[in-house]
Amino acid sequence: MSLLLLLSGSGNITPTVTSQPSSTEVYEGQTATFTVAATGGGLSYQWQKSDNAGVDWSNVSGATSTSYTTDATVRTTDNNDQYRCVITNSAGTVNSDAATLTVWSPAALTGLQLWLDASDTSTVLEAAADPAEANDPVSQWSDKSGNARHATQGTTAARPVYRSAVQNSRNVIEWDGTDDFFNVGTTSSFNHLHNGTASLVCLVARPGLTSNPDAIYALVDNCGVSSSSIGYSLAYDDRASVPRNNVLFEQVSKGSVGNPAILNISGDAWTPNVFSIVDDCMDADNATASQRSKIRINNGTEIANNARTDAPSTSNASAVLRIGSNSSGAFFLAGQIAEVIICNDQNASSLSTLRGYLAWKWGITIS
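Being a predicted model, the structure only gives us computed values, none of them experimental. (Residues numbered from 1 in each chain as written. Predicted model: local features only at pLDDT ≥ 70, side-chain atom pairs only at ≥ 80, totals over all residues. Heavy atoms only, no water.)

Colleague: Would you explain the side chain of asparagine 326 in this entry?
Modeller: Structurally, asparagine 326 is set in the loop between β26 (321-323) and β27 (334-343). Assessed through its relative accessible area of 2%, asparagine 326 is described here as buried. Looking at asparagine 326, its side chain comes within polar contact range of the main-chain oxygen of glycine 224, at 3.3 Å. Of the polar contacts made by the side chain of asparagine 326, one reaches the backbone nitrogen of alanine 330; its length is 2.8 Å. Leave out the neighbours within four places in its chain, and asparagine 326 touches Ala218, Asp221, Gly224, Val225 and Phe331. (Helix = DSSP H or I, 4+ residues; strand = E, 2+ residues; numbered from the N terminus. Buried < 20%, exposed > 50% of the residue type's maximum accessible area, 1.4 Å probe, protein only. Polar contact = N/O pair within 3.5 Å; in protein donor to acceptor, adjacent residues only side chain to side chain. Contact = heavy atoms within 4.5 Å.)

Spelled out as C-alpha cells, the structure:
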C-alpha cells in the first residue's frame, strides 16, 4: 500500500483550492455569483455566509455546487456580507478564502439629500399609509435619502398619477402638463444647489408624451426659471417660438435680473418622449465658468456651455423646490419621471457607477 493511502485512509487526496471565490460588487437588485475550484477526489461543497465580518458562519441552504448565486440583493441587508465554500471529501476538509459582496445603490452617494424612486412601490402613496396602485393619483412620493424630504401634493386635482410597468417593467410617475406638481422640503433645504456648493442633480425622465412637445417643461425648480429669483432650475425646452428644439436648460439664479451665476443651455440634445438619464454637476462659484455646470445625457458628450461668472447667492431659495413645474406655477411637465437624486457633493468618483446603476435598472442605453 502506498504512503499516500496510509496517510489518507482512502484513495482520495485532501482537497486543495485552486481558484478562490472573488469579492464582487453588484447593483442593488442584481444577483451575485461566487465560484470556487478545487482538486481532490469525491468532493462535496457547502457555501457559507457571514454577516459579521467572518466571526460567525452559517450554511446557505441548497448551495452545494462549485458556484453559488444569491437571490436579488438588497443593500441594507446584504452589503458587506461574506461568502466562502467548505470543500470536503473522505480525506479531509478545507475552507476557501472569504469573498465580500458589495451592494451598490444611491444610498452610497456622498451628501445624499434627496432620493425618489418610483420603482419602489412602498414609497409611492395615494393617501397616508395607502400605497398607490396603477393610475392612482399620488399624494406623496417618499424620500429614501433618510432626510424625510418627501415630495407631496395636498390638492387631489394637482397630483401626478402612478403608471405601472412603463419603463423596463418598472413603475413611473406621470404629470399631465396642466397643473400637476410636487413640493419638496423648505426654501432652505436645497441651498447647496445655488450657493456655490459643489452639487449633483440626477434624474431619469421622459420629457413630453409626444415626439414634438413644442413646450417648456420644468423638471426641478425653486426659482421660477427666472434670474430675478434665487434658486435652481432644470428644464426641457422645445418651443418653436423661441426658437429652441429639444434643449436642456439649466440655470442657477442669484436674484439679479439677467445675471445668473449659471446659464447652461444645450443644443438639440434631449430626445423627447423617451426616458433618458440626465446628470448635472454644478459648482456655482467655480472660477472657471465652463466648470460651473457639467451635464451629460445618457453619459454622452459633456454639456458645459455656461459663460457666466456672477457671484451666487447664499440666501434661501425664493421658493420651495418643485418637481414637475416651476415654482411660479407654470411650465407644467407633460411627461414621466422614474427617479430623482440630489446630493450636496458632485460625487465625481461615483458618477460612472451611478449612471451604470440607473441604466441597468431602467433599461437605458448609455455611452
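That covers the picture; the talk isn't over yet.
Colleague: Which parts of the structure should I look at to understand the packing of aromatic side chains?
Modeller: For any two aromatic rings, the description comes down to two numbers: the centre-to-centre distance and the angle of the planes. Enumeration over the complete set of coordinates arrives at ten aromatic pairs. Aromatic side chains tyrosine 68 and tyrosine 83 sit 5.7 Å apart centroid to centroid with 35 degrees between the ring planes, which places their arrangement in the tilted category. In this pair, tyrosine 68 is assigned in strand β7 (residues 67-69) and tyrosine 83 in strand β8 (residues 82-89), connecting sequence segments 15 residues apart. Note on accessibility: tyrosine 68 and tyrosine 83 belong to one class, buried. For the ring pair tryptophan 104 and tyrosine 357, a centre distance of 5.6 Å and an interplane angle of 65 degrees mean the geometry is edge-to-face. One end of the pair, tryptophan 104, is in strand β10 (residues 99-104); the other, tyrosine 357, is in helix α3 (residues 351-362), and 253 residues separate them in sequence. Taking relative accessible area as the criterion, tyrosine 357 reaches 2% and is therefore assigned buried. Counting every residue linked through ring pairs, the aromatic cluster contains Tyr27, Trp104, Tyr357 and Trp360. Here the guanidinium or amino end of arginine 149 rests over the ring plane of phenylalanine 190, the centre of that ring lying 5.3 Å away. (Phe/Tyr/Trp six-rings, centres within 6.5 Å; stacked < 30°, edge-to-face > 60°. Lys NZ or Arg CZ within 6 Å of the ring centre and 35° of its normal.)

Colleague: Please clarify how the sheet that holds strand β15 (residues 151-152) should be interpreted in this entry.
Modeller: In any sheet, the strands associate via hydrogen bonds between backbone groups, in a parallel or an antiparallel arrangement. Read from one edge to the other, the open sheet built from ten strands follows the order β13-β12-β14-β15-β18-β26-β20-β21-β22-β23, with strand pairing classed as antiparallel. Whereas interior strands pair on both sides, the edge strands pair on one side only; in this sheet they are β13 (130-131) and β23 (262-265). Direction of pairing for β15 relative to strand β18 (residues 182-184): antiparallel, over a ladder of two bridges. Considered in β18, the bridge of threonine 152 is made with asparagine 183. (Pairing = 2+ DSSP bridges.)

Colleague: What should I look at first to understand the nonpolar core in this one?
Modeller: In terms of nonpolar packing, the biggest core is built from 43 residues, with Trp141, Leu219, Ile337 and Ile342 touching the most fellow members. Here this core gets four residues from one element, more than from any other, and that element is β27. Those residues within four positions of isoleucine 337 in sequence are excluded, and the remaining contacts are Ala118, Trp141, Val172, Ile173, Trp175, Val204, Ala205, Leu219, Phe275 and Ile323. (Core = buried A, V, L, I, M, F, W, Y, C linked by side-chain atoms within 4.5 Å.)

Colleague: It is not clear to me how the pattern of salt bridges should be interpreted in this structure. Could you clarify?
Modeller: Where side chains of opposite charge bring their charged atoms close, a pairing between them can arise. Evaluated as defined, the whole model comprises ten salt bridges. Aspartate 237 serves as the salt-bridge partner of arginine 239, at 2.8 Å between the closest nitrogen and oxygen. The exposure class assigned to arginine 239 is partly exposed, which follows from its relative accessible area of 25%. Residues aspartate 237 and arginine 244 are paired through a salt bridge, measuring 2.8 Å at the closest nitrogen-oxygen approach. Taken together, the shared-partner salt bridges connect Asp117, Asp120, Lys144, Glu339 and Lys361 into one network. (Salt bridge = Lys/Arg side-chain N within 4 Å of Asp/Glu carboxyl O.)

Colleague: Looking at this structure, how should I read the side chain of serine 145?
Modeller: Tracing the backbone through its elements, the reader meets serine 145 in the loop between β14 (140-141) and β15. Residue classification places serine 145 among the buried residues on the basis of a relative accessible area of 17%. Polar side-chain contacts of serine 145 include one of 3.2 Å to the backbone oxygen of glutamine 113. Among the polar contacts listed, one links the side chain of serine 145 to the side chain of aspartate 143, at a separation of 2.7 Å. Excluding residues that lie within four positions of it along the chain, serine 145 makes contacts with Leu112, Gln113, Leu114 and Trp115.

Colleague: What exactly am I supposed to notice about the environment of aspartate 280 here?
Modeller: Within the secondary structure, aspartate 280 is located in strand β24 (residues 276-282). The sequence separation of aspartate 280 and alanine 53 amounts to 227 residues, and the corresponding C-alpha distance is 37 Å. If we ignore the near neighbours within four places in the chain, the residues touching aspartate 280 are Ser199, Leu200, Val201, Tyr232, Glu250, Ser293, Lys294 and Ile295. Here the side chain of aspartate 280 touches tyrosine 232 through a polar contact of 2.8 Å, side chain to side chain.

Colleague: So what exactly am I meant to see when it comes to the layout of surface pockets here?
Modeller: The rolling of a water-molecule-sized probe over the atoms marks out the regions of remaining empty space. For the largest pocket, the calculated volume is near 160 Å³. Ranked by residue count, the leading element in the lining of the largest pocket is α3, at three residues. Residue composition of the lining of the largest pocket, by class: four nonpolar, three polar and five charged. (1 Å grid on protein atoms, 1.4 Å probe; cavity = no way out; pocket = protein on both sides within 12 Å on 5 of 7 lines; lining within 4 Å. Points joined across faces, edges and corners; volume = space filled by probe spheres on them. Nonpolar A, V, L, I, M, F, W, Y, C, P; charged D, E, K, R; others polar.)

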